[in-house]
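# Remarks on the overall topology
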Amino acid sequence: MKKISLSIGVFLMILFTACKDQKESKEEPVRASSEESKDITELSDSPRHHEWIDLEHDGRTLKAFVVYPEKKEKAKPVLVIHENRGLNDWARVFADKLAEKGYLVIAPDLISNTVPGKELTSDMDSPDEARTAIYRLDPEQVTKDLDACYDYIRKDPAGTGEVAVVGFCWGGSQTFRYATHNPEITSAHVFYGTAPEADSLLANIEIPVYGYYGGNDNRVNSTLERTKAQMDSLGKAFEYEIYENAGHAFMRSGHEANGEPGNKKAHDQAWDRMLKFLK
């Protein structure tokens, strides 16, 4: 009997320990990646003024991130459209770095309040959930959201009222599409995004469109010859640069400390080119 009691005691001790370890492992917090931590630190250490704003339209509340430059003069406003991962920390770091160059920046979170219980991209459980939310968006809603951002930043007394648009990946395609809708923007900067196919849409463009593409991104680059021919035939300005040895999303990848050399080089060259044309 003593041996049986001892065995039961040992078994219960092992079972209790296993359950305790299992419970503790479930409660262990999910840690951000080193790159995410770096982006959060960059944002926290920035001396520039950051704020979240609510833009109300059509019964919807759109969240947008605004960054003010540190300068005496009025700043040119820029509307930044995020990639298909939503308004993540990298997108906000880009907005901050653009403000560092003297621009007044608004970056909407276009999937904000589109998923029940998820106010911001940062509330999504994973990048995949953010992508799913992106591709469920109604294009008309996206246009109205961008109009709300354009109107807000154009009227900001700290800005000049001359708004340019910059977008990445899905946001690059939205930038091209928005240029067909709003003739008042000053320029459109399309990073590895495709253009609308209809001549009837492209014919509405009144401003120069600048493209930035990675040499190893044939999925997107295979559309460029057609788009260039369409824009030329319509008398519209479309100038693009292809950066060799760079892939899709080279602006985000090139920002990372361990990014591929081709992506890092393209990142730096594209920054310089964009700043030249934003002026």
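This text follows the structure it describes.
## Observations concerning the packing of helix α3 (residues 89–100) against helix α11 (residues 261–278)
In the contact formed by α3 and α11, the axes pass within 12 Å of each other and the chain directions differ by 55 degrees. Taken as axis vectors, α3 and α11 run oblique relative to one another. As for how α3 packs across α11, the hand of that crossing is right-handed. Of α11, the residues touching α3 (which contributes Phe-94, Lys-97 and Leu-98) are Trp-271, Met-274, Leu-275 and Leu-278.

## A look at the pairing of strand β6 (residues 188–191)
If a strand is regular, its side chains alternate between the two faces of the sheet. Of the two faces of β6, the one carrying Ala-188 and Val-190 and the one carrying His-189 and Phe-191 are both buried. Across 4 bridges, the pairing between strand β5 (residues 164–168) and β6 is parallel. Counted as the bridge partner of Val-165 is Ala-188 from β6. Considered for its hand, the β-α-β crossover made up of β5, helix α6 (residues 170–179) and β6 is right-handed.

## Side note on the packing of aromatic side chains
Counting across every chain of the model gives 15 aromatic pairs. Taking 5.0 Å as the distance between ring centres and 35 degrees as the angle between the ring planes, the aromatic pair formed by Phe-94 and Trp-271 counts as tilted. Within this pair, whereas Phe-94 is found in helix α3, its partner Trp-271 is found in helix α11, the two being separated by 177 residues in sequence. Taking the relative accessible area as the measure of exposure, Phe-94 reaches 2% and is therefore buried. Ring pairing ties together the aromatic residues Trp-90, Phe-94, Phe-168, Phe-191, Tyr-192, Tyr-212, Tyr-243, Phe-250 and Trp-271, which thus form one cluster. If you follow Arg-92 out to its NZ or CZ, it ends over the ring of Phe-65, 5.0 Å from the centre. When the ring centre of Tyr-212 is taken as origin, the NZ or CZ atom of Arg-273, which lies over that ring, is 4.7 Å away.

## Some thoughts on the side chain of Arg-60
Structurally, Arg-60 can be placed in strand β2 (residues 60–68). Side-chain polar atoms of Arg-60 contact the backbone oxygen of Leu-110, separated by 3.5 Å. The residues touching Arg-60, leaving out its near neighbours within four places in the chain, are Leu-55, Asp-109, Leu-110, Ser-112, Asn-113, Thr-114, Gln-141 and Asp-145.

## Some points on unusual backbone geometry
If you check the backbone angles, Tyr-192 has positive phi at about 40 degrees while not being a glycine. By secondary structure assignment, the location of Tyr-192 is in the loop between β6 and α7 (199–202). The residue Asn-245 is not glycine, and still its phi comes out positive at about 65 degrees. Under the relative-accessibility criterion, Asn-245 is labelled exposed at 57%.

Here is what the cut-offs are and how they apply
- Residues numbered from 1 in each chain as written.
- Predicted model: local features only at pLDDT ≥ 70, side-chain atom pairs only at ≥ 80, totals over all residues.
- Heavy atoms only, no water.
- Axes fitted to C-alpha atoms, helices over the stretch in contact; angles between N-to-C directions.
- Helix = DSSP H or I, 4+ residues; strand = E, 2+ residues; numbered from the N terminus.
- Parallel < 35°, antiparallel > 145°, perpendicular 65-115°, else oblique.
- Left-handed = near helix turned anticlockwise from the far one by under 90°.
- Contact = heavy atoms within 4.5 Å.
- Buried < 20%, exposed > 50% of the residue type's maximum accessible area, 1.4 Å probe, protein only.
- Pairing = 2+ DSSP bridges.
- Right-handed = clockwise from strand over helix to strand, strands pointing away.
- Phe/Tyr/Trp six-rings, centres within 6.5 Å; stacked < 30°, edge-to-face > 60°.
- Lys NZ or Arg CZ within 6 Å of the ring centre and 35° of its normal.
- Polar contact = N/O pair within 3.5 Å; in protein donor to acceptor, adjacent residues only side chain to side chain.

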